[in-house]
Amino acid sequence: MRLMLNYNPLHCLPSSEELPNSDDTPVDNELQDLIPSLLKSTLALVWSDRWDWYFGVNMGIYYDPNKPAIVPDGFLSIEVKRFIDGDLRLSYVLWEEQKPPVLVVEVASPKHLGEYSSKKELYAQELGILYYVVYNPFRRKKSPLEVYQLEDGEYVLMSGDPIWLPEIGLGIGRERGIYQGIAREWLYWYNEKGERLLTPEERILDAEQRANFEAQRRLEAEEQVHILTERLKSLGFEPETMAGN
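Residues numbered from 1 in each chain as written. Predicted model: local features only at pLDDT ≥ 70, side-chain atom pairs only at ≥ 80, totals over all residues. Heavy atoms only, no water.

- With an unreviewed UniProt entry as reference, the chain is termed Putative restriction endonuclease domain-containing protein, source organism Trichormus variabilis NIES-23.

## Re the nonpolar core
In globular proteins that are soluble, nonpolar side chains generally tend to be buried together.
For step 1, the next point in the chain: Ranked by size, the top nonpolar core spans 33 residues in total, and within it L76, L103, L165, I168 and W189 carry the most contacts.
For step 2, the next point in the chain: The residues touching I168, leaving out its near neighbours within four places in the chain, are W47, L76, V102, L103 and Y131. (Core = buried A, V, L, I, M, F, W, Y, C linked by side-chain atoms within 4.5 Å. Buried < 20%, exposed > 50% of the residue type's maximum accessible area, 1.4 Å probe, protein only. Contact = heavy atoms within 4.5 Å.)

## Re a nonpolar patch on the surface
For step 1, the next point in the chain: A surface patch of nonpolar side chains, about 370 Å² in accessible area, is lined by W51, F83 and L88.
For step 2, the next point in the chain: On the secondary structure map, F83 appears in the loop between β3 (74–78) and β4 (92–93). (Patch = residues over 30% accessible without salt bridge, like charges linked within 9 Å, V, L, I, M, F, W, Y side chains within 5 Å. Areas by Shrake-Rupley, 256 points an atom, 1.4 Å probe, with all protein chains shown as cover. Salt bridge = Lys/Arg side-chain N within 4 Å of Asp/Glu carboxyl O. Helix = DSSP H or I, 4+ residues; strand = E, 2+ residues; numbered from the N terminus.)

## Observations concerning helix α3 (residues 118–127)
For step 1, the next point in the chain: For α3, the full list of buried residues reads K119, K120, L122, Y123, A124 and L127.
For step 2, the next point in the chain: At the C-terminal side of α3, G128 shows a positive phi close to 65 degrees.

## Here we look at the sheet that holds strand β8 (residues 154–157)
Strands belonging to one sheet form pairs held by backbone hydrogen bonds; the direction of such a pair is parallel or antiparallel.
For step 1, the next point in the chain: One open sheet holds the six strands; their spatial order is β1-β3-β5-β6-β7-β8, and the pairing between them is mixed. Both outer strands of the open sheet, β1 (53–57) and β8, are each paired with one neighbouring strand and no more. In this sheet, neighbouring strand axes are inclined to one another by 20 degrees on average, regardless of whether the strands run parallel or antiparallel.
For step 2, the next point in the chain: Bridge count between β3 and strand β5 (residues 103–107): three bridges; the pairing is antiparallel. By the bridge assignment, L76 is partnered in β5 with L103.
For step 3, the next point in the chain: Across the sheet, helix α1 (residues 31–46) is in contact with β1, β3, β5 and β6 (131–135); its angle to β1 comes to roughly 160 degrees.
For step 4, the next point in the chain: Sheet strands in contact with α3 are β5, β6, β7 (145–151) and β8, and its direction is about 115 degrees off that of β8. (Pairing = 2+ DSSP bridges. Axes fitted to C-alpha atoms, helices over the stretch in contact; angles between N-to-C directions.)

The structure is reproduced here in structure tokens:
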């Protein structure tokens, strides 16, 4: 009797649990961690009710079982599970996810480790990343922020700041601000009107300022009532008696 076996080539490929989750290369620029983390934390608030996206920071993307992972500073995938069976991802494996990231962020280092050449070519031709964002805080003659869109297998530089990304439903741009107590230029998300989305820190500060403002208004109102009450008493009126009438 012949046995019929169902063969699935994916079962022969290593899983995310079996693959290294990074290339163990330390970042040589703290912004390579801070900038993607800011973008990720803002998304976590803006898309708090969505479960179809994932933002990785310094995480390996496996695109070919015979090649090592590439580890961008940050990447965004949409139409994927926010969590895998309730757990956090160890790495991003394309033959498991079945969906490449829609956006990759690279923060250039002074050494220029292929952000404008080899990495750019790899993201376009091997991974098919729709948007490639490269931020170079050391640039002086050209714009520090460049956003490319994939067209016919090649990246085309987009214009504007912020730059609207319709497939994501957000814009990305740069401006000065404060993050983790550091005042400098950062990358931020923007809405369709070009308005910058608040970071978690800014939302907390805004809520505290609103609460302090309301508390101050209550104190001022109570003080006005107290002054009016004392003035009426000095004129021979009893506010309690007047309220009863």
